[in-house]
Amino acid sequence: AMVKSWLQTVPAVVEPFKPQLQALFDALFDESIDFHKRNLKEYVRTVEPNLWRSVLNIIDGFFTEYVPQEGEVIEKERLDALKSNIEPIFIFALSWGIAGACDWESRAKFDVWIKGKKSLPFTSMVFEQLYDVTEMKWKGWLDTVTILPVDAKKQFSDLVVQTPDSIGYAFMMQHIMCQLKHVLCIGPTGTSKTSTIKQKLMTGMDAAVYAPVFLTFSAQTGANQTQDILDAKMDKRRKGVYGPPMGKRFTIFVDDMNMPLREVYFAQPPIEILRQWMDHQGWYDRKIHQKSTIIDVCFIGAMGPPGGGRQPVTNRFLRHFNHLAFPELSDNSMKLIFSKILTAHMDMFFPPQMKAMVDPLCEASLKVYHKCLEELLPTPAKSHYTFNLRDLAKIFQGIMMADAKKLGDDSLLLMRLWAHECTRIFRDRLTDDPDRKWFDALLKQLFTEVFKKQWDVAVPQEPVMFGDYMIPGADPMLYAEVTDPAACRKVMEAVLDEYNSQTNKPMKLVMFMDAIGHVSRISRILRQPKGNALLLGVGGSGRQSMTRVASFAANMECISIEIAKGYGKFEWREDVKKVLLRAGKEGKPTVFLFTDSQIVLESFLEDINGVLNSGEVPNIFDMADHDQIAMAVRPLCTAEGIPLTKQNMYERFLQRVQSNLHIVLAFSPVGDAFQGRLRNFPSLVTCCTIDWFSEWPAEALRGVAHETFADIEFPDDSTKDGIVSMCGDIHKGVEAASIRYKDELRRFNYVTPTSYLELLSTFRKVLQEKRDEIGTAKMRLSVGLDKLDSTEKDVAIMKVELTDLKPILEKTAIEVDELMVKIEKDKASADETKAVG
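Below, the structure is looked at part by part. None of these values were measured; they are calculated from a predicted model.

1. Examining the packing of helix α23 (residues 623–640) against helix α24 (residues 646–660)
Here α23 crosses α24 at 90°, and the two axes come no closer than 8 Å. On the basis of their axis angle, the class for α23 and α24 is roughly perpendicular. Where α23 approaches α24, its residues H626, I629, A630, A632, V633, R634, L636, C637 and E640 are matched on the opposing element by N648, M649, Y650, R652, F653 and R656.

Structure, rendered in C-alpha cells:
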C-alpha cells in the first residue's frame, strides 16, 4: 500500500516505469525486510515504516532531476537511459535504506544476500559503489570525486583525508537533505560523524542555498533553551510563519542528539520540541501562546549508541530520519588516513630515507590502540578508560609537532618520540602500577616485533621526555627530546622563580622529577591547537600549581574564576564570555583553569562541554558582541578567501577560539559525582588528554619535607635526615594501611598529598610550640636562679655590715641604758617639785 501510494507521487516522466518499480518492490522488498529482522544488527533499532520510507527517500533523490523546472524539457537520451537506470537505482536505494543503519558485519551479510538475488558487475561491496545515472555505470566512491593531496602546512586538526567511507556518507547526506528530508548519523565515538557532517555542511553544500546551524545537546539541555536557540536564527516570513532568510534553507545539525536526560516518564524535552516541529511543522511561541510555523529547514543529527550517559530515543522521533551508520573504521581505512598524513609530512620536512618509518609507525600505533581497547576496559573505579580514534590521531599529531631539524634522519629518535606520544596519550591516564607495567611491556614488545629493535638499544635513558620549554623565550618553541634531567630541573626552577617574581600569589613548590613530568605533559597539551587537559588527582597533588607553571612557561595567561558569595549563572556566563572573546576576538593564547570545587551549578559543566566540543556556548553573545566578533575576524576571512557571510565569520571565530583557548579541568576522581559527570558530559573525556596524578613517590616526599624544614635549626644533618625519612615512612605506612582497610573492610580512607603537607606543617607547629614552651620554662628557671644568686650576695654583704656595726651597737646600747637611768632620775625630781607646788 505504501509503495502504491508513493508511485502516485513520482514525476510524470517516470510514470511509464511504474510497473518495473512495482515488480522490483514485489520481488525484493518484503524479503529484504525479513532478512534485516533475522540477520542484521543496528546501532539503534529502526521500525519497519522507517525502513520503507528510507528506501523511498533515496529513490526520490535520484528522481528529483527528472522534475522539469520552468521552461525546461527533459532530454530524450536521459529518458531512454532511465529504463536501464531503474534497477541499479533501486538496488542502491534498497541497500542503503535497509542496511545503511547497520555495522560492517551486517552490511557484508546484506551484500552477499543482494548479490545472490541480482547479478552486479563488481566484486567489492555494494556499499563501496555509487551508480552514476549519467554514465549508466557503477563507480567506486573514490572515482566520484577529485582526491585532493594532503596539505602538510595545515594544522593537524584541519587536515582532511578523503576515504571511500567518508565520500559515501557525504553523498548520502546531501542526497537526502536536498529533498528537505532528515538524516541521522549513528556510530561509536570517534568515527568522524561530527567532522564529516560539519565539512559537508560548511564546504560541500551550495552556500547560496543552504545555511548551516549547529546545536550540541548535553545531559542538561532543556526544551526552552533549544527552542530559543533556533528561534533566534529564524526570520519572519509572514504572520505566524518563520524560516531562514528568503531563498535560503537551514540545515540544522544537532550533535549528541541522545544526550539529554530523560524525565520521570522517559520523555526527553529537547527531543520532544524537535518532534513537535516534525509532526506539526512548528511550535508555540511561549510569550504570545500562538503557533509559529517554521519552513525551509531540515535536520541532521549525530549520536552514539545508547549507553554510558546516552539515552534511548523514542521511535516516534527517529521514524522521521534516514538512518546512516558510521561503523568503526577498518584497519585498512585507518592506515590509509594516517599513512597519507604522515607521508605528506615526511615528504615536506624530513630526509627521503625517513619515509621508510611511515608503515612501521602506523602499524605499531594501530596495535597499541587495539590492545588498549581490548585490555584496558572501563570499570566504576576507572570510568575514564575509554579510547577512541581521537586518541589514535593524537599519536600522529604529537609526532608531527616535533622539530624535523632536531630529528633529522635519526630513526631511533623518531621511535623514542613515538613511544613518548603513546605514553602521554594512553599510559598517563592509567591509575595503578599493574596497568602501567602492562603498558610498558606492550611498548617493549612492539619495539621488537614492529621496529625490529630492542627497547634498551633504542631507549638508553628513561623516562623518555620531549618538550618545548628547555630554551625559555625561544620563538618558535621547538618540541625536542629532553636528555638532561638536571638541566631540566634548573630550567623549571628558573621558570618558577620568574613566575613568583611576577605574581602577587607566589607558589612555594619543590620541582622534583615527578612534578616536572606533569609540567611537561601539560606543556605538550597546551602547544596543540584544540589541546585541552583533564587532570585527575586528589587534593593537594599539584594539579593547579603545575598548570600555572606550564602556562607561564608557554607564555599563556592562566585564567581562573573566583567563586564568591552569590556567584551564579549570570556571573559564570560573563566570565566565560570574557575568556571566549579574549581567545577568539583578540587572538590571545589563553588557559582556562577550572576545578570541580568551582562547580556551583551543574549547568557550568554543560557550558564547558559545549566549548570543548565546538568552541561556543549557545546564545552567550548579544548583537554588540557579534558585531565586534565580525570586525575582528573579517580581515582573517578576507586573507583566507572565505566568503564574508555572517555564519562563515562566526565559524572562523569559533576556530580561533578552539586554537587559542586551552581548557584545563582539575577534577578529583573520588566519589560518584565524577563518574556521573563523565557519563553526562562525554566531551570531558573525548575532547581532553587525561593526566592522572598518582601518589607522590619517595623522592617527592623527601624533597617536600626538606624544603618545608629548610629554615628549622636541627642539632645536626643526621637528625634532620632521620625526621624527613620518618615523615615519608609515616605517609607511606598510612597509605598501605588504607589499602588494607579498603580490602578487608570495604571502607575508604583517603590519604592525599594535602595530608602529608598537614603532617609537615603540624610537625613544624608542634616543634615550635614545644621549643617556645621549653624556652619559656628555661628562661624562668634561669631568671629564678639569677635572683637567688643575687639575694645570696646581698645577704653576705649585709652580714659583713652587721659584724662591723656590732661594737657601735653595743656602745650605743650602753649609752641608751645610761640615758634611761638619767631620765628616770630627772623624772623623779620633776615629780617631787610638782608635789611641793
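That was the structure; now back to the text.
2. A few points about the layout of surface pockets
Here the second largest pocket defines a volume of roughly 1200 Å³. Looking at the lining of the second largest pocket, the elements with two or more residues in it are α16 (433–449), α25 (672–680) and α28 (717–745). Looking at which element gives the most residues to the lining of the second largest pocket, the answer is α28, with six residues. For the lining of the second largest pocket, the per-class residue count stands at 15 nonpolar, 10 polar and nine charged.

3. Let's talk about the pairing of strand β16 (residues 590–595)
Burial within β16 is extensive, with six of its six residues counted as buried. Both faces of β16 are covered, namely the face carrying T590, F592 and F594 and the face carrying V591, L593 and T595. Note that strand β15 (residues 557–560) and β16 share four bridges and pair parallel. When the sheet's bridge partners are listed, I559 is paired in β16 with F592. Pairing of β16 with strand β17 (residues 661–667) involves six bridges; the strand directions are parallel. Bridge pairing links V591 to H662 in β17.

4. Things to note about the packing of helix α21 (residues 569–584) against α24
The interhelical angle for the contact between α21 and α24, taken along N-to-C directions, is 95°, at an axis separation of 7 Å. Considering their axes alone, α21 and α24 lie roughly perpendicular with respect to each other. For the pair α21 and α24, the contacting residues are L580, L581, A583 and G584 in the first and F653, R656, V657 and N660 in the second. For the contact of α21 with α24, a count of residues per class yields five nonpolar, two polar and one charged.

5. Some details on the nonpolar core
One finds F63, L94, F110 and M173 to be the most contacted residues of the largest nonpolar core, which totals 68 residues. Ranked by residues supplied to this core, first place goes to helix α4 (residues 76–99) with 11 residues. Apart from residues no more than four positions distant in its own chain, F63 is found in contact with W6, V10, P11, V14, L21, L82 and I86. Residues F350, L361, A402 and F439 belong to the second largest nonpolar core, which totals 61 residues.

6. Details of unusual backbone geometry
In this model, E462 is joined to P463 through a cis peptide bond whose omega is -5°. Here P463 shows up in the loop between α17 (455–458) and β12 (466–467). Positive phi, close to 55°, is recorded for H289, a residue that is not glycine.

7. Overview of a nonpolar patch on the surface
A contiguous nonpolar patch, built from V816, L819, M820 and I823 and spanning about 350 Å² of accessible area, is present on the exposed surface. Checked against the element boundaries, L819 lands in helix α29 (residues 753–836).

8. Structural notes on the pattern of salt bridges
Summed over all chains, the structure comprises 40 salt bridges. The salt bridge partner of D279 is R275, with a shortest N-O separation of 3.3 Å. Taken together, the residues D279 and R275, both in helix α9 (residues 269–280) and four residues apart, mark about one turn of the helix. Residue classification places D279 among the partly exposed positions, given a relative accessible area of 25%. Among the ionic pairs, D691 bridges to R521, the shortest N-O distance being 3.2 Å. Of this pair, D691 sits in strand β18 (residues 689–692) while R521 sits in helix α19 (residues 513–526); the two residues are 170 residues apart in sequence, bridging distant segments of the chain. In this pair, the class of D691 matches that of R521, namely buried. Counted as one network, the salt bridges with shared partners bring together D132, E135, K137 and K139.

9. Things to note about the sheet that holds strand β6 (residues 241–243)
The strand order across the open sheet built from four strands is β5-β6-β9-β8, with neighbouring strands paired in mixed fashion. The open sheet is flanked by β5 (235–238) and β8 (282–284), the only strands paired with a single partner. When strand polarity is set aside, the average angle formed by the axes of neighbouring strands in this sheet is 35°. When β5 meets β6, the two strands line up antiparallel, connected through three bridges. Directly across from R238, in β6, lies its bridge partner V241. Most of the contacts of helix α8 (residues 223–233) go to β8, to which it runs at about 115°, and overall it touches β5, β8 and β9 (291–294). Against the sheet, α9 touches β8 and β9, its axis set at about 125° to β8.

10. Observations concerning the packing of aromatic side chains
For any two aromatic rings, the description comes down to two numbers: the centre-to-centre distance and the angle of the planes. In total, this model carries 40 aromatic pairs according to the counting rule given. On the numbers, 4.2 Å between centres and 35° between planes, the contact of Y169 with F326 is tilted. Of this pair, Y169 sits in helix α6 (residues 164–177) while F326 sits in the loop between β11 (321–325) and α11 (331–349), and the two are 157 residues apart along the sequence. We note that Y169, like F326, is buried. On the basis of an interplanar angle of 85° and a centroid distance of 6.2 Å, the ring pair of Y567 and F604 is categorised as edge-to-face. Residue Y567 is found in the loop between β15 and α21, and its partner F604 is found in helix α22 (residues 603–614); the two are separated by 37 residues along the sequence. By the burial criterion, Y567 is buried, and F604 matches it. Of the aromatic side chains, those joined through ring pairs into one cluster are F35, F62, F92, W96, F110, W113, F127, W141, Y169, F171 and F326. Looking at R107, its charged tip hangs above the ring of W104, at a distance of 5.2 Å from the centre. Directly above the aromatic system of F127 lies the positively charged group of R107, at a separation of 5.5 Å from the ring centroid.

The rules we used
Residues numbered from 1 in each chain as written. Predicted model: local features only at pLDDT ≥ 70, side-chain atom pairs only at ≥ 80, totals over all residues. Heavy atoms only, no water. Axes fitted to C-alpha atoms, helices over the stretch in contact; angles between N-to-C directions. Helix = DSSP H or I, 4+ residues; strand = E, 2+ residues; numbered from the N terminus. Parallel < 35°, antiparallel > 145°, perpendicular 65-115°, else oblique. Contact = heavy atoms within 4.5 Å. 1 Å grid on protein atoms, 1.4 Å probe; cavity = no way out; pocket = protein on both sides within 12 Å on 5 of 7 lines; lining within 4 Å. Points joined across faces, edges and corners; volume = space filled by probe spheres on them. Nonpolar A, V, L, I, M, F, W, Y, C, P; charged D, E, K, R; others polar. Buried < 20%, exposed > 50% of the residue type's maximum accessible area, 1.4 Å probe, protein only. Pairing = 2+ DSSP bridges. Core = buried A, V, L, I, M, F, W, Y, C linked by side-chain atoms within 4.5 Å. Patch = residues over 30% accessible without salt bridge, like charges linked within 9 Å, V, L, I, M, F, W, Y side chains within 5 Å. Areas by Shrake-Rupley, 256 points an atom, 1.4 Å probe, with all protein chains shown as cover. Salt bridge = Lys/Arg side-chain N within 4 Å of Asp/Glu carboxyl O. Phe/Tyr/Trp six-rings, centres within 6.5 Å; stacked < 30°, edge-to-face > 60°. Lys NZ or Arg CZ within 6 Å of the ring centre and 35° of its normal.

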